[in-house]
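Descriptive structure summary
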Amino acid sequence: MAQALPSAAYTGRFAPTPSGPLHAGSLITALASYLDARAHQGRWHLRIEDIDTPRVVHGADQHIMQQLQALEMRWDAPPIWQSRRLRHYQAAFKQLEQAGSIYGCACTRAQLPPGPYPGICRDGLAAGTGPRAWRWRVPAGRVSFEDRWAGPQTQDVAQEVGDFILRRADGVWTYQLAVVVDDAAQHITHIVRGADLLDSTARQILLTQALGALPALTLHVPLLCDTQGYKLSKQNHAPALDLTHPLETLLSAWRALGFDASGINTLEAFWPYATQQWHQRFP
Ligand SMILES: [Zn+2]
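Residues numbered from 1 in each chain as written. Predicted model: local features only at pLDDT ≥ 70, side-chain atom pairs only at ≥ 80, totals over all residues. Heavy atoms only, no water.

Turning our eyes to something else, we now look at the overall build of the protein chain. Counting secondary structure elements, the protein chain contains eight helices and ten strands. In terms of C-alpha radius of gyration, the protein chain reaches 20 Å, essentially the compact-globule figure of 19 Å for 283 residues. Here the C-alpha coordinates of the protein chain stretch approximately 70 × 40 × 35 Å along the principal axes. Relative to its 283 residues, the protein chain shows a buried fraction of 50%. For the protein chain, the share of sequence-separated contacts (at least 6 apart) that also reach a separation of at least 24 residues comes to 74%. (Helix = DSSP H or I, 4+ residues; strand = E, 2+ residues; numbered from the N terminus. Rg over C-alpha atoms; globule rule 2.2 N^0.38 Å. Buried < 20%, exposed > 50% of the residue type's maximum accessible area, 1.4 Å probe, protein only. Contact = heavy atoms within 4.5 Å.)

Listed below in structure tokens is the structure:
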């Protein structure tokens, strides 16, 4: 499979959904992606993934940026907001539509069995029904890639996921389409994000290739769980980050990534140390 060469120039990104401020879980992802960019003398972009409008909280984007700045994580280009890029998703969708790989789907959630989409609407809608969403015809075959944290991965997207939705019934572009379009537009070479997205990667590789772009290398960091084993998230009320003690806040994220931090007493010492340690582990 064609992938960006490790020796190619590095461009990474952090792409939070502004559904609330960063918490301990999302900070781990931010830190990992920032260190990976710095360790490879790369660029680090910030993208606000705010097209899933019901989840977006007004002002959370600004809050996230303030938190990153307080922790000394600085992006290298003006941030982009997905809500301002809808015409790019439309253009990509049109490109796929012209290739004959988009179809309307009339299925309601209640109609669908659990598991992969069984292709009910692939050959046209039943009489008297209209499209509720638009799906992409997934090409047959296995997708294999090497995740820099999780190792070799393989998925038969057509079999295991089925044709997936690019545009929802309410007109909203899905995450899968938007992320692929934006990663290509920002020339992202390295994606560092939470392990909950590992399962989306094969889908995104296929979609990226269908749009004529080169898939980025990926590194999926383990998710931080609470004491009951649930993923820490805004939805289950993870505590806010303590920005009055930025070093301690960064060190907890650093330790959660499995690194040692003994002897680090200042922010000035933390950044070069962590960057160098990260580079040793993920050259
Ligand atoms: Zn359907």
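Don't stop here, the text continues.
With that settled, the discussion passes to the coordination of the zinc ion. Ligation of the zinc ion by protein atoms is provided by C105 (SG), C107 (SG), Y117 (OH) and C121 (SG), these donors lying 2.1 to 2.3 Å from the ion. Angles of 102 to 120° at the metal separate the four donor atoms of the zinc ion, which places the site in the tetrahedral class. Written as a sequence motif, the donor residues of the zinc ion are C-x1-C-x9-Y-x3-C. Given a relative accessible area of 6%, C121 falls into the buried group. (Donors = N, O, S within 2.8 Å, 3.2 Å for Na, K, Ca; no water. Tetrahedral: all angles 85-135°; square planar, octahedral: opposite > 155°, others 65-115°.)

With that settled, the discussion passes to the sheet that holds strand β4 (residues 102-105). As summarised here, the arrangement of the three strands in space is β4-β5-β8, forming an open sheet in which the pairing is antiparallel. Every interior strand has two partners, whereas the edge strands, β4 and β8 (164-167), have only one. Between one strand axis and the next, the sheet turns by 50° as a mean value, whatever way the strands run. With three bridges joining them, strand β5 (residues 133-136) and β8 adopt antiparallel strand pairing. Looking across to β8, one finds that R135 is bridged to I165. Across the sheet, helix α3 (residues 86-98) touches β4, β5 and β8, and the angle it forms with β8 is around 130°. (Pairing = 2+ DSSP bridges. Axes fitted to C-alpha atoms, helices over the stretch in contact; angles between N-to-C directions.)

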